[in-house]
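Take a look at the letters that make up each chain.
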Amino acid sequence: MHNYYVYILSSLKGTLYIGVTNDLERRVLEHKQGANSGFTKKYRVNLLVYYEEFTSIEDAILREKQIKGWRREKKRALVETLNPKWLDFAKDWLE
């Protein structure tokens, strides 16, 4: 059985990115290393500030879409429920 994750990345300036993956560590490292060109590389959005775990990909995708539909203030409030100091949960993953 796989686990799936909805995650929120932030840049130092507070730009947010919401994604879904079945391998949180691999996906966050890809963002940190700039492996994929696009939004997160362009705006340096690579700090893992929030995530949720699911056993169903369908549930994870529904949650991702739900969060993406929220206003910025609500997304920030969600992050702060788990991570009030906006720490990078993945800061030591490259070591």
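Residues numbered from 1 in each chain as written. Predicted model: local features only at pLDDT ≥ 70, side-chain atom pairs only at ≥ 80, totals over all residues. Heavy atoms only, no water.

Draft legend 1. Region of interest: the sheet that holds strand β2 (residues 16-21). Read from one edge to the other, the open sheet built from three strands follows the order β2-β1-β3, with strand pairing classed as antiparallel. Of all strands in the sheet, those bounded by a partner on one side alone are β2 and β3 (47-54). For this sheet, the mean inter-axis angle between neighbouring strands, taken without regard to orientation, is 20°. Note that strand β1 (residues 4-10) and β2 share six bridges and pair antiparallel. Each residue of the ladder has a partner; that of V6, found in β2, is V20. Across the sheet, helix α3 (residues 57-68) lies against β1, β2 and β3, angled at about 170° from β2, the strand it touches most. Along the sheet, helix α4 (residues 72-82) contacts β1, β2 and β3; its crossing angle with β3, the most-contacted strand, is approximately 80°. (Pairing = 2+ DSSP bridges. Helix = DSSP H or I, 4+ residues; strand = E, 2+ residues; numbered from the N terminus. Axes fitted to C-alpha atoms, helices over the stretch in contact; angles between N-to-C directions. Contact = heavy atoms within 4.5 Å.)

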